[in-house]
Amino acid sequence: MSKIIRIGTRDSQLAMWQAKTVQSQLEHLGHKTVLVPIKSTGDIVLDKPLYELGITGIFTKTLDIAMLNEDIDIAVHSLKDVPTILPKGIVQAAVLKRGNINDTLVYKTNEEFLSARDAVIATGSLRRRAQWLNRYPTHTVVGLRGNVNSRLEKLDTNENWNAAIFAGAGLGRLGITPENSINLHWMIPAPAQGAIMITALEADEETRAICAEINDEVTEICTSIEREFLNRLEGGCTAPIGAICYINKEEEVNFKGILLSKDGTKKIEVSKVVPLDKREGLAEFCADYIIGKGGKTLIDELGRGDKITNIYSTKKLTDDQAMLFHNDVVSESNDAIKISLNRLSKSLVRNEIQNVIITSKNAVEALLTNFSAPELQFKNIYCVGRRTKRMVEKRIGKVKHTEANAKKLAEYLVEYIEGTEVTYFCSDLRLDDLPNILTENKITVNEVEAYQTKFDADKVEGNLDGIMFYSPSTVESFLKQNKANGIAFCIGETTAKAAKQYFEDVRIAKVPTVESVIELVNENYIPA
């Protein structure tokens, strides 16, 4: 072939080693080549961790532009640095046989710090940081950037550091693996770690055919599965996502993947083995498993980064509920009130009670903690809220009538109650509307304090765009620790009435459920 293949590469020592390896293999097959070194943004900006730069494909972007401008014919990359979606017009032309897949720990003196409570580990990788903190939560992880040699030098000169983490392949390829180092076999590497990739223009069929001559099929299969897993989790190359795939002697594909929170406190793992000819769908299955185990919440948290909380819920939300928020909403939640169930006398239910009022699920729990369901001989049960009604009918008995709030229930009873007396199972902090309305209309109210409501709200730093309230008690509890600011998103009219005493903008959910309050937030929240 007369054409000289222009090999684009970063100009770091390791990148040049990789490019020269490709050059050697191509020239061994009789092809003429020339190296074209190009400096990348990732090499220039060394004062910030990669995940803070916010650039996708930070080590590949400059080479992509050079290729699209036809200044180079192929580009050589560490495959782990390449985004899972290549620019339009550029394709993967080959991957070389994979090298060392492991992360390597280089330590300064000895390994005793691994069992110590306090130690300082250096790395610029969010994935390595998260996995290290998951395994050693009391250690401190600090940032470390630069080429391999400069990072080794920083480790050597920093008196406070115990060790630093490197890609084992990089150290080995440069022939500088220190004696005081160990492979971290427990740490799941970055998808495609240890593999060298070649890209070319999709339209350049001649160059692509030449590159195919040095392609390693096993490495291509394994790294493709790992990268598809990464892509399906919607994680960039700097996300705390790890994946490793290999083919054993029995022609089986072994896969293991991991997703972590930035601080390493949350971890979701997946492992699966399939026959080589059944590998189709393996990455999709493993990614879906991770997402189904709470991965969607972790990914959303990663996407929000360090944004300031703008919505606060006075009730602890489940992971499924938190996932319902609009992408622009950054929420936190905690229970603003704690419930303590009271001990109730057996004499209360010795005889059948004609009319019973239950306005919360807490009252149901209090009754069933003190009595068995057969002991609760209630002729007519009146409820507030659909969920309370469902709980009563599932665990106690049929509900005669339900309303959205206590005031409406009281107004209904004035018109339709059988008899002139009710037993009201309530909290020590209940509103006056229901008993006042009934008493004014000559209906006797026998109040039974079934549970106590204790204020336990967090103090929230900074101003909020909105607060989610679920009862008058959550309003009162929150305001004992915080000022009223932003929008009050309320579960119902009774809660809204309490909020209106302090908030200028009060909005009410369509139905009295947590999910409906979240929907209200999504409808009304306008990002800055």
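Model, not experiment: these values are computed from the prediction.

Visitor: What's the story with the overall build of the chain in this structure? I'm lost.
Guide: A tally of helices and strands in the chain yields 18 helices and 24 strands. Counting only C-alpha atoms and orienting by the principal axes, one finds that the chain spans roughly 105 × 50 × 50 Å. Burial status across the chain gives 50% buried among its 528 residues. Contacts in the chain between residues far apart in sequence, at least 24 positions, make up 63% of those at least 6 positions apart. Counting 65 positive and 72 negative side-chain charges, the chain places the averaged centre of each group 3 Å from the other.

Visitor: How do you make sense of the packing of aromatic side chains when you look at a structure like this?
Guide: Centre distance and the angle of the planes are the two values used to describe a pair of aromatic rings. Tallied over the full model, the rule gives nine aromatic pairs. Between the aromatic rings of Trp132 and Tyr136, the centroid separation amounts to 4.6 Å while the plane-to-plane angle is 35°, which identifies the pairing as tilted. Ring geometry for Tyr136 against Trp186: centres 6.4 Å apart, planes inclined by 70°, an arrangement best described as edge-to-face. Taken together, the positions of Tyr136 in the loop between helix H5 (126-135) and strand S7 (140-142) and Trp186 in the loop between strand S9 (181-184) and strand S10 (196-201) put the pair 50 residues apart, joining distant regions of the chain. You can call Trp186 partly exposed: its relative accessible area is 27%. Members of the aromatic cluster, connected to one another through ring pairs, are Tyr312, Phe469, Phe478 and Phe503. Over the aromatic face of Trp186 sits the side chain of Arg135, whose NZ or CZ is 4.4 Å from the ring centroid. The ring of Phe285 has Lys272 sitting right over it, with the charged end atom 4.4 Å from the ring centre.

Visitor: Help me out: how do you make sense of H5 in this one?
Guide: Count 3.6 residues to each turn of an α-helix, and residues three or four apart come out pointing the same way. Of all ten residues that make up H5, seven are buried, and the element is covered over most of its length. The complete set of buried residues in H5 reads Leu126, Arg127, Arg128, Ala130, Gln131, Trp132 and Leu133. For H5, the side-chain oxygen to backbone nitrogen distance between the N-cap and Arg127 is 3.3 Å, and the N-cap itself is Ser125.

Visitor: Honestly, the sheet that holds strand S13 (residues 267-275) in this entry has me stumped. Any pointers?
Guide: Remark on secondary structure: sheet strands pair via backbone hydrogen bonds, oriented parallel or antiparallel. Taking strand neighbours across the sheet as the criterion, the three strands line up as S11-S12-S13 in an open arrangement whose pairing is antiparallel. In this open sheet, the two edge strands, each paired with only one partner strand, are strand S11 (241-247) and S13. With direction set aside, neighbouring strand axes in the sheet form an average angle of 10°. Along the sheet, H5 contacts S11, strand S12 (252-260) and S13; its crossing angle with S12, the most-contacted strand, is approximately 80°. Lying over the sheet, helix H9 (residues 217-232) contacts S11, S12 and S13, oriented at roughly 150° with respect to S11.

Visitor: For this particular structure, what's the right way to read the packing of helix H12 (residues 361-370) against helix H13 (residues 386-395)?
Guide: With their axes 9 Å apart at the nearest point, H12 and H13 run at an angle of 20° to one another. It follows that H12 is roughly parallel to H13 by the angle criterion. Contacts between H12 and H13 involve Lys361, Val364, Glu365 and Leu368 on the former and, on the latter, Arg387, Thr388, Met391, Val392 and Arg395. Taken together, the residues of the contact of H12 with H13 break down into four nonpolar, one polar and four charged.

Calculation criteria
- Residues numbered from 1 in each chain as written.
- Predicted model: local features only at pLDDT ≥ 70, side-chain atom pairs only at ≥ 80, totals over all residues.
- Heavy atoms only, no water.
- Helix = DSSP H or I, 4+ residues; strand = E, 2+ residues; numbered from the N terminus.
- Buried < 20%, exposed > 50% of the residue type's maximum accessible area, 1.4 Å probe, protein only.
- Contact = heavy atoms within 4.5 Å.
- Lys, Arg positive; Asp, Glu negative; His and termini not counted.
- Charge placed at Lys NZ, Arg CZ, Asp CG, Glu CD.
- Phe/Tyr/Trp six-rings, centres within 6.5 Å; stacked < 30°, edge-to-face > 60°.
- Lys NZ or Arg CZ within 6 Å of the ring centre and 35° of its normal.
- Polar contact = N/O pair within 3.5 Å; in protein donor to acceptor, adjacent residues only side chain to side chain.
- Pairing = 2+ DSSP bridges.
- Axes fitted to C-alpha atoms, helices over the stretch in contact; angles between N-to-C directions.
- Parallel < 35°, antiparallel > 145°, perpendicular 65-115°, else oblique.
- Nonpolar A, V, L, I, M, F, W, Y, C, P; charged D, E, K, R; others polar.

By themselves, these are just geometric observations and shouldn't be taken as functional.
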